[in-house]
Amino acid sequence: MSMIDLSIGRDLEAQLEQVRRLGREHLRPLGIEADSRREPVPPDHPFFALAWRMGLGQPLGVEERPASGPRSGARRGVVLAEEMSYWDRGMSVAMPGLGLGGPPLLSMGTPEQKERFLAPFRDRERPHWAAFGMTEPGAGSDVAAIQTTAVRTGDDWVLNGAKTFISNSMRADWIVVWATVDRGAGRAGHRAFVVERGTPGLEDMRYEHKMGLIAYESSSFTLRDCRVPAANLLGGERYYAERAGFKGAMRSFNATRPAIAAMAVGIARAAYDAARDFARTRYALDRPIPRYQRVREKLARMARKIEAGRLLCWRAAYLADLEQSNEIEASMAKAFAAGMAQEATGLAVEILGDAGVTRDAYVEKLYRDVKAMDIVEGTGQIQRLVIARRLVGLPA
Ligand SMILES: Cc1cc2nc3c(=O)[nH]c(=O)nc-3n(C[C@H](O)[C@H](O)[C@H](O)COP(=O)(O)OP(=O)(O)OC[C@H]3O[C@@H](n4cnc5c(N)ncnc54)[C@H](O)[C@@H]3O)c2cc1C
């Protein structure tokens with residue numbers, strides 16, 4: 001067991017300060033505006049270009065292997081993810097960048113594929129997005145059950161199927177689409193393809209209307225005889241012949257899961273601040289809210305669990321940077337943080353009383369935003385299954 005290095009470093013501190021400023025001026029106001037209009041923030045919004053020029057994108061802890069020295073991307077990811085999500089979790093996912101498309105490209109892609117598909121992301125003039133398409137109307141947690149087929153015909157692969165709830169896919173330059181070459185083979189039949197925007201057969205792109213996190217779009221689409229060149233099979237044929245490709249790709253999520261968990265910590269912190277400020281203001285106005293023992297106890301419970309959640313995220317990220325196994329720690333961070341954040345937003349609404357349930361109460365928005373945190377990147381139930389399996393020594 002290794003200790004956690006809790007130092008942040010001057011560069012990251014400066015970046016955090018930048019995020020705080022952008023958060024106050026842009027992330028939170030834009031998240032609130034999107035929520036009240038019930039429309040995602042459009043990709044041509046000037047804020048995205050501004051953030052992109054400043055080098056800020058989706059904070060998921062994804063990085064190319066540094067030429068020398070230790071990795072630090074996962075730790076940077078959790079710190080920035082918490083801060084951005086504190087200001088607005090929907091906006092932190094709406095930010096340009098590779099998003100969840102990054103891990104499979106970076107861990108499975110051939111050097112040529114990385115060069116080709118990362119090239120647009122090196123252009124700082126115009127923001128770019130990528131996406132990750134696994135979930136289907138009939139396959140969520142049970143990813144082995146995906147039904148989208150891939151059939152090799154000549155120099156192309158032909159994809160047929162449907163994907164749902166794919167973050168940022170409507171605005172993405174490319175989407176990593178998971179399909180199967182053999183529906184009966186489970187994970188061994190899975191292949192990942194980079195499907196570029198405008199590819200004929202990538203159709204019916206539409207966004208789902210969510211109860212929260214409105215600032216970014218979760219889109220569904222159809223693949224109808226969608227032809228992608230063989231060069232877009234991620235990793236090339238050899239990758240799948242040599243290893244169980246799916247497992248390899250999933251391992252790369254060890255860096256992103258702690259960042260997603262940290263986003264839940266960010267929402268919880270926002271709820272805590274709102275509840276604490278409310279209690280203080282009420283006190284100043286001579287309503288005795290903070291004198292109530294139960295209110296103080298609720299605030300203390302929120303603060304305590306936020307700290308615990310953050311430490312779990314940091315530890316899981318630290319292990320990811322050391323390239324040590326962190327499956328159990330990442331699942332613990334995700335399961336704990338998402339549940340804790342749900343509790344925190346609920347307590348914040350309670351502390352505000354009637355003011356907490358009005359449509360323009362900020363905590364009401366957080367209460368709706370937080371729910372999906374227990375669903376994305378593996379549901380809480382699935383994380384608990386992963387933890388339990390490891391604890392009793394069952395195979396994954
Ligand atoms: C906001 C948002 C963004 C998303 N972004 C993406 C994205 O970018 N790319 C992508 O591919 N997907 C994305 N998803 C989809 C997400 O990954 C799935 O919703 C998630 O994997 C759960 O799948 P499901 O919704 O089909 O639920 P199901 O798997 O059908 O689960 C339904 C319920 O059953 C429980 N359950 C399932 N299996 C078991 C089991 N074996 N034992 C006990 N309980 C079980 C679950 O915990 C859940 O409570 C997104 C979803 C949301 C809400």
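Preceding this section is the structure that the text describes.
This report concerns the structure included in the present document.

So, how was this worked out
- Residues numbered from 1 in each chain as written.
- Predicted model: local features only at pLDDT ≥ 70, side-chain atom pairs only at ≥ 80, totals over all residues.
- Heavy atoms only, no water.
- Helix = DSSP H or I, 4+ residues; strand = E, 2+ residues; numbered from the N terminus.
- Rg over C-alpha atoms; globule rule 2.2 N^0.38 Å.
- Contact = heavy atoms within 4.5 Å.
- Lys, Arg positive; Asp, Glu negative; His and termini not counted.
- Charge placed at Lys NZ, Arg CZ, Asp CG, Glu CD.
- Salt bridge = Lys/Arg side-chain N within 4 Å of Asp/Glu carboxyl O.
- Buried < 20%, exposed > 50% of the residue type's maximum accessible area, 1.4 Å probe, protein only.
- Arc of directions from axis to C-beta.
- Near = heavy atom within 4 Å.
- Polar contact = N/O pair within 3.5 Å; in protein donor to acceptor, adjacent residues only side chain to side chain.
- Areas by Shrake-Rupley, 256 points an atom, 1.4 Å probe, with all protein chains shown as cover.
- Nonpolar A, V, L, I, M, F, W, Y, C, P; charged D, E, K, R; others polar.

## Topic: the overall build of the chain
Then step 1. Assigned secondary structure in the chain consists of 12 helices and 7 strands.
Then step 2. Its C-alpha atoms give the chain a radius of gyration of 21 Å, near enough to 21 Å, the size a compact globule of 396 residues would have.
Then step 3. Principal-axis analysis of the C-alpha atoms gives the chain an extent of 75 × 45 × 40 Å.
Then step 4. For the chain, long-range pairs separated by at least 24 residues make up 77% of all intrachain contacts whose partners lie at least 6 apart in sequence.
Then step 5. Across the chain, the mean location of the 56 positive side-chain charges is 4 Å away from that of the 49 negative side-chain charges.

## Some details on the pattern of salt bridges
Then step 1. Per the counting criterion, the structure on display carries 31 salt bridges.
Then step 2. Note that Arg71 and Glu323 form a salt bridge whose closest N and O atoms lie 3.3 Å from each other. Remark: Glu323 occurs in the loop between helix 9 (293-321) and helix 10 (327-352) and Arg71 occurs in the loop between helix 2 (46-53) and helix 3 (73-94); sequence separation between them is 252 residues.
Then step 3. Here Glu323 falls in the partly exposed class, since its relative accessible area comes to 48%.
Then step 4. When the shortest N-O distance is used, the salt bridge between Arg310 and Glu307 registers 3.1 Å. Of this pair, Arg310 and Glu307 both sit in helix 9, separated by 3 residues, roughly a single helical turn.
Then step 5. Among the charged side chains, a network of salt bridges with common partners joins Glu17, Arg20, Glu82, Glu83, Arg269, Glu307 and Arg310.

## Observations regarding helix 5 (residues 111-118)
Then step 1. For helix 5, every residue scored as buried is listed here: Gln113, Phe117 and Leu118. In an axial view of helix 5, the angular spread of the buried residues amounts to 105°, which keeps them on one side of the axis. In helix 5, the exposed positions angled more than 90 degrees off the buried face are occupied by Pro111, Glu112 and Glu115.
Then step 2. Contacts from the buried residues of helix 5 go to helix 4 (102-108), strand 4 (174-180), strand 5 (190-196) and helix 6 (236-242).

## Some thoughts on the site of the ligand
Then step 1. With respect to spatial proximity, 18 residues lie near the ligand, and among them Phe132, Thr135, Ser141, Phe165 and Thr379 are the closest.
Then step 2. Between the ligand and Phe165, the relevant distance is 3.0 Å, taken from a nitrogen atom to a main-chain nitrogen or oxygen of the residue.
Then step 3. One of the side-chain nitrogen or oxygen atoms of Thr379 is found 2.7 Å away from an oxygen atom of the ligand.
Then step 4. Calculation on the ligand without its partners gives an accessible area of 970 Å², and the protein chains cover 63% of this total.
Then step 5. Those elements that place two or more of their residues in the shell around the ligand are strand 1 (130-133), strand 3 (156-167) and helix 12 (380-392).
Then step 6. Residues that form the shell around the ligand fall into these classes: 9 nonpolar, 8 polar and 1 charged.

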